Amino acid sequence: MPTANAETKRRPSVPSGVTATPGDASALVKWKPPSNAGEAVVTGYVITAYPGGATVTTTNVTSYQVGQLTNGKVYTFTVAAITAAGTGPASWPTKPIRPKAATPPGTPRAVAATAGNLQAVVTWNAPDNDGGSAITGYRVVAQPGDLVVTVEGDARQAVVTGLTNGKTYRFVVSAVNAAGRGRESDRTRPVTPAIGPPAAPAAVQAAPAGKGGVTVSWEPGDDGGSPITGYEVVTNPGGAVVRTKADTTSTTITGLRNGTAYKFSVRARNAKGPGPALATAATRPDVTIAVETVVLSPESLSTLTEVTGDQTLVFEKPTDQVRALTAGRVVVAGVSDRTPFGLLRKVTSVTTDGTTTRVATAAASLDDAVSNGGLALENTLDGADVEQFRPAMEGVRIVGQNALRAELAGPKLTVAIDVDLVKVGNGKVHVTGSQDITPTVSFDASVRCCFHTDTNFRAQIQTTRKLSLTAEIEKEIKGSIPLGQIYFRPIQFSVGPVPVVVVPRLDLSLESSGKISAGVVTSISDTSTYGVEVATRDGRVTPRTINNRTTSFQPPTVFAAAEFKVGARARLNLLLYGVVGPYMQNTVYPIDLRADTSEDAFITWKLTGTIGAGVQLSILGKTIANWERDPLISFSVTLYESGPLMGVTITPRPVSVEVGGTLKFSATVARSLIQTVNWSVEPGGGTITADGIYTAPNTPGMYRVTTTSPANGLKPQTAASIDVEVTPKTPAPNTADVLVVGSGVFGDTNGADWLQAQLRAAGYTVEVIREDALPANLSGYGQIWHLSVTPLPAADLDRLAAYVKAGGSVYLTGERPCCEGVNAAATTLVKSVVPGAADVQIGNLGDPFYETGPVPVNTAAVDGIGQRPFALSTWTVSAPGGMSGVAGANVFASGPGPDGASVPVAAVWGPDQVTGRGRVAVLMDINWTEPAYMDATTAGQIAQNLALFLSGDSAPPAAAATPINPAAEARTLAPSGHSPTAAN
């Protein structure tokens, strides 16, 4: 029996229920899937607009906003389904619709209000009609008083604060879009703010107190408008209730069984009754304190005057407790001015000098102080808990509570972002937005004799994230921009007598990658809760993720191909005594956009991200876990798919051209038989011909070229732009075997003149530049000699390092203490290009050989430098400087130091040791090239051996030349010290 193929399979039937709703230059087309898809699956739909017959191909959706329509013109639409068998028949046309300019939106529906203490919560549903433009916000008005609160367009409630208890209010709500504000809703039923029961306590914690006891502590919550009269603490299992007074924020529950896990719930009570309870994580009453543990008393902490960088504790007029400390003891302290993260250190030594005692310490873990026990905490963090914010760059700030919008209930933590991802000239890719963040963290850990460990770490971050992106240039973007670190108030409680300090820290960064095109504009609002729960039992790790979100967005404006993503990373750490323990991390890219001019869906916009976690923790005598997984999960949600590009694409892109240069641009009008375009360029940006040949101006910069496709019967007018980077003209490369550059001995360049003559006699072409600056183009030189006691500028030093890493060779001058600047520059360059030179130090060794005379040459130095073309035995120097940390084979020459030990005064590194297979030579004396100090015979030979080594050739370009003996002038050595002056 034959099988059906794509030719014989039945195509899908007609979609039904096709409707069109007019918008501003657009129409929302909706339909129902065909009753029969044939023998395949529906993969998409074709929408055809009449008149004109322009089509849009969608994915497998049942509604689509068709854009680029003309307001005032009548349209109808048909829809046809697509399967693997082909495109089915079109539906009946919709009723005619006429797109029109947007009008203010309709009236919000189902508006209601609920009273609270000094406030009310107002809720509503969106209007049936958005006026043809997306709703961007809502306006809530309290009557009487006309107190106004505004919220974003995706909000469905607002908290109106500043009301008066006992006074009756009604509320009206209106919607806002690009065309303005719509009609107000009917007034709500009257509500009267009043005092109510208190809110749940905050930061409920439990820690073992020993001997069957657990200490439960908390922080007061909102009192509901009436003073709190007391608290109730309920133990589970068992159900025992302990009641405390209003001014009490901790109590110790006794009579508990060691080894049994207990949870404790705490609730407040006022004149209106009890409020909701908040429970701790599970903990056990067991606790065993190590005998070596010393908990510093408040009196001892008051004498702590400094904690040095190496964590040495400095006490002034210490107490007897401090003076009694000995090596091996574990020092523990809570939060103080000198110990903001608490203190947990192991003593390594104690020294006393008069009234000052210095206690040297090493890292310790809680298991050094507590060998059996447990701890538990449960905290929701907000703006009131922020202890310190450390912004990493300008444009990032925590919004103060007085600057928060009125609809935000409670002290929300809001971080505002206003940064440039990248900037070139006057163009940039700019991101603005904010994040309302509510972190929640719980952690408990316990050890039961003698090998069982249990922990549970749960962290989640609820975020309302708003990001807007505008790209003015086309650019590759990639990187992580730190935004800052938020340190929350330390959470402090006790395990028996030992204070435990946990500091939550939230690290924030802006992540981006990909290729963005000029003209991209988009924004998104995303409310999400991401988190992890990581449980460990005896080393086994069980992770679980939390992942919920709602999203609204502005459809992007895109004119050319692009593929990029921009988002935020948040990492919530728990620091135990300042050391990172468990953490959760979520990276969310609310803007993950791909634009492909060849695809039916030109723009695809997704929300993507990852959730990760880690537990590196040694606590309570055991290593709990050393586990990390990032990502733990990845997620991806498609937010938007457009129809095909109806615009213009310019190629090539991105582009740069030198001043006065030319480029040939081409333009393609998508899905159009008519490819006619008109080219233009901004004033002062050069010229462009009708066929797209661009001539750059004579001034470097960024200039915009635009092409326009005129409107015709099938499409509206469309345009595209591209930014052209006009760069300075690249200098033509110089060509010489050797470049000698530098100002010599404080401006005297006789040594460079002699070196040029000597190397030319040996067959080398030599160029001399008598200043401490490199030419613009180094590519034409075989080797570069810096002959100067003045260092090159930092930028030129970087260029010289890049030259070496590309295979070039350099000679560097070093000197005695007169010239430590050039020594430091040489040290920096050598370490940047020689991976094995980490211990090399050039200079800073005093005057190891303060006289004129010969020093021995190492005939076994790398690459035969001491043997070719001359067999060398000595080098005549004049008060050279010294080097240290140079391997034996790299020492070219050495002299006796002050203590008689040999000190390297010249060194070389060959291609096997230098990145990029370049070569480097450093000689710690400039006077060997000076007529007054040189030994002409050895100087001429040294110069030719160095040139041959740096060339990398097996033989010189000509026969070895006779050393040149210049006329000597009487000179004196440069004076000793670090402030050089020209010699007389």
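Residues numbered from 1 in each chain as written. Predicted model: local features only at pLDDT ≥ 70, side-chain atom pairs only at ≥ 80, totals over all residues. Heavy atoms only, no water.

### Thoughts on the state of the cysteines
Consideration 1: Throughout the structure, instances matching the rule amount to 1 disulfide.
Consideration 2: Bridging C818 to C819, the disulfide has an S-S length of 2.3 Å. Because the torsion about its S-S bond is -90°, the bridge between C818 and C819 counts as left-handed. (Disulfide = S-S within 2.5 Å.)

### Things to note about the nonpolar core
Consideration 1: The biggest cluster of nonpolar side chains holds 48 residues, and the ones touching the most others in it are W785, W875, F892, W928 and L946.
Consideration 2: Among the elements that line this core, the one with the most residues is helix α7 (residues 936-951), at 9 residues.
Consideration 3: Among residues more than four places away in sequence, those in contact with W875 are G853, P854, V855, V857, A893, V905, A906, L923, M924, D925, W928 and I942.
Consideration 4: Residues A471, L572, I603 and L632 belong to the second largest nonpolar core, which totals 41 residues. (Core = buried A, V, L, I, M, F, W, Y, C linked by side-chain atoms within 4.5 Å. Buried < 20%, exposed > 50% of the residue type's maximum accessible area, 1.4 Å probe, protein only. Helix = DSSP H or I, 4+ residues; strand = E, 2+ residues; numbered from the N terminus. Contact = heavy atoms within 4.5 Å.)

### Describing the packing of aromatic side chains
Consideration 1: Within this structure, the stated rule accounts for 11 aromatic pairs.
Consideration 2: Judged by centre distance (6.3 Å) and plane angle (20°), the rings of Y75 and F77 are stacked. In this structure, Y75 and F77 share a single accessibility class: buried.
Consideration 3: Taken together, the ring pairs connect F665, W679 and Y694 into an aromatic cluster.
Consideration 4: In this structure, R919 packs its charged tip against the face of F949, placed 5.2 Å from the ring centre. (Phe/Tyr/Trp six-rings, centres within 6.5 Å; stacked < 30°, edge-to-face > 60°. Lys NZ or Arg CZ within 6 Å of the ring centre and 35° of its normal.)

### Topic: the pairing of strand β64 (residues 919-923)
Consideration 1: The element β64 is extensively covered by neighbouring structure, given that 5 of its 5 residues are classed as buried.
Consideration 2: Note: strand β57 (residues 809-813) against β64, 5 bridges, orientation parallel. In the sheet register, V810 faces β64, and the bridge partner there is V920.
Consideration 3: Pairing geometry for strand β63 (residues 902-909) and β64, over 4 bridges, is antiparallel. Paired with A907 across the bridge in β64 is V922. (Pairing = 2+ DSSP bridges.)

### A closer look at the sheet that holds strand β28 (residues 343-353)
Consideration 1: The sheet built from 6 strands is open, its strands ordered β24-β27-β28-β29-β26-β25 with mixed pairing. The open sheet terminates on both sides in strands that have one partner only, identified here as β24 (293-295) and β25 (304-307). For this sheet, the mean inter-axis angle between neighbouring strands, taken without regard to orientation, is 35°.
Consideration 2: Taken together, the 3 bridges between β25 and strand β26 (residues 313-316) define a ladder with antiparallel strand orientation. Counted as the bridge partner of L304 is F315 from β26. (Axes fitted to C-alpha atoms, helices over the stretch in contact; angles between N-to-C directions.)

### Points about the pattern of salt bridges
Consideration 1: Counted according to the given criterion, the structure contains 12 salt bridges.
Consideration 2: With a closest N to O distance of 2.8 Å, E232 and R267 form a salt bridge. With E232 in strand β17 (residues 230-236) and R267 in strand β20 (residues 263-270), this residue pair connects regions lying 35 residues apart in the sequence.
Consideration 3: For E232, a relative accessible area of 7% translates into the label buried.
Consideration 4: Assessed through its relative accessible area of 30%, R267 is described here as partly exposed.
Consideration 5: Each of E232, R243, R267 and R269 takes part in a single network of salt bridges with overlapping partners. (Salt bridge = Lys/Arg side-chain N within 4 Å of Asp/Glu carboxyl O.)

### Considerations on the sheet that holds strand β6 (residues 76-83)
Consideration 1: An order of β4-β3-β6-β7 is seen for the 4 strands of this open sheet, with the pairing classed as antiparallel. Both outer strands of the open sheet, β4 (55-58) and β7 (86-87), are each paired with one neighbouring strand and no more.
Consideration 2: Across 2 bridges, the pairing between β6 and β7 is antiparallel. Paired with T83 across the bridge in β7 is G86.

### Here we look at helix α4 (residues 750-761)
Consideration 1: Taking 1.5 Å of rise per residue, the 12 residues of α4 would be expected to cover 16 Å, and the 17 Å separating its terminal C-alpha atoms lies within 8% of that figure.
Consideration 2: Residues of α4 that are buried include every one of G751, A752, W754, L755, Q756, Q758 and L759, and no others.
Consideration 3: In the core, the buried residues of α4 are packed alongside β54 (736-744), β55 (766-769), β56 (781-788) and α7.
Consideration 4: Once α4 ends, the next one or two residues include G763, with phi positive near 100°. (Expected span 1.5 Å × (residues − 1).)

### Quick look at the packing of α4 against α7
Consideration 1: Direction vectors running N to C along α4 and α7 enclose 70°, while the axes themselves pass 10 Å from each other. Between α4 and α7, the angle falls in the class roughly perpendicular. Two packed elements cross with a definite hand, and for α4 against α7 that hand is right-handed. Note on element contacts: α7 touches α4 through A939, G940, A943, Q944 and A947, opposite W754, L755, Q758 and L759.
Consideration 2: Class assignment of the residues belonging to the contact of α4 with α7 gives a composition of 6 nonpolar, 3 polar and no charged. (Parallel < 35°, antiparallel > 145°, perpendicular 65-115°, else oblique. Left-handed = near helix turned anticlockwise from the far one by under 90°. Nonpolar A, V, L, I, M, F, W, Y, C, P; charged D, E, K, R; others polar.)

### Some points on the environment of E771
Consideration 1: Assignment of secondary structure puts E771 in the loop between β55 and β56.
Consideration 2: Here the alpha-carbon distance between E771 and V741, two residues 30 residues apart in the chain, equals 6.3 Å.
Consideration 3: Ignoring anything within four residues of it in the chain, the contact list for E771 reads V741, G742 and S743.

### Thoughts on the side chain of S809
Consideration 1: As for its placement among the helices and strands, S809 is situated in strand β57.
Consideration 2: Given the relative accessible area of 3%, S809 is considered buried.
Consideration 3: Within the structure, the side chain of S809 is placed 2.7 Å from the backbone oxygen of L950, a separation counted as a polar contact.
Consideration 4: Contact partners of S809, with chain neighbours within four places excluded, come to G782, Q783, I784, Y803, R919 and L950. (Polar contact = N/O pair within 3.5 Å; in protein donor to acceptor, adjacent residues only side chain to side chain.)

### With respect to the pairing of strand β19 (residues 250-253)
Consideration 1: Only one face of β19 is covered, namely the face carrying T251 and I253; the face carrying S250 and T252 is uncovered.
Consideration 2: Pairing of strand β16 (residues 214-219) with β19, which is carried by 4 bridges, proceeds in the antiparallel orientation. Bridged to V214 within β19 is I253.

### Thoughts on α7
Consideration 1: Over its 16 residues, α7 extends 22 Å from the first C-alpha to the last, a length consistent with the 22 Å expected when each residue adds 1.5 Å.
Consideration 2: Within α7, 14 of the 16 residues are buried, leaving the element largely enclosed by the surrounding structure.
Consideration 3: Positive phi appears at G952, one or two residues downstream of α7, with a value of about 75°.

### Some thoughts on the packing of helix α5 (residues 794-805) against helix α6 (residues 820-833)
Consideration 1: The contact between α5 and α6 brings their axes to 10 Å, and the two run at 35°. Crossing angle aside, the handedness with which α5 passes α6 is right-handed. Within the contact between the two elements, α5 uses L797, L800, A801, V804 and K805 and α6 uses A825, T828, L829, S832 and V833.
Consideration 2: Classifying every residue of the contact of α5 with α6 by side-chain character gives 7 nonpolar, 2 polar and 1 charged.

### Side note on the environment of Q119
Consideration 1: Following the sequence through the fold, Q119 ends up in strand β9 (residues 119-125).
Consideration 2: For the pair formed by Q119 and T164, sequence separation is 45 residues and the distance between their alpha carbons is 7.7 Å.

### Thoughts on unusual backbone geometry
Consideration 1: A cis amide bond, omega 10°, links N236 with the succeeding residue P237.
Consideration 2: Secondary-structure assignment places P237 in the loop between β17 and β18 (241-245).
Consideration 3: Residue P869 is reached from R868 by a cis peptide bond, and omega for that bond is -5°.
Consideration 4: Among the secondary structure elements, P869 is positioned in the loop between β59 (852-856) and β60 (874-878).
Consideration 5: The backbone phi angle of Q311 is positive, close to 65°, even though this residue is not glycine.
Consideration 6: Counting through the fold element by element, Q311 comes out in the loop between β25 and β26.
Consideration 7: Despite not being glycine, A879 has its phi angle at roughly 50°, a positive value.
Consideration 8: Locating A879 in the fold gives a position in the loop between β60 and β61 (883-884).

### Some points on the side chain of T813
Consideration 1: Counting through the fold element by element, T813 comes out in strand β57.
Consideration 2: Looking at T813, the relative accessible area reads 2%, which means it is buried.
Consideration 3: A polar side-chain atom of T813 sits 2.6 Å from the main-chain carbonyl oxygen of H786.
Consideration 4: Once residues lying within four places of it in the same chain are set aside, the contact partners of T813 are H786, L787, S788, V822, A826, L923 and I926.

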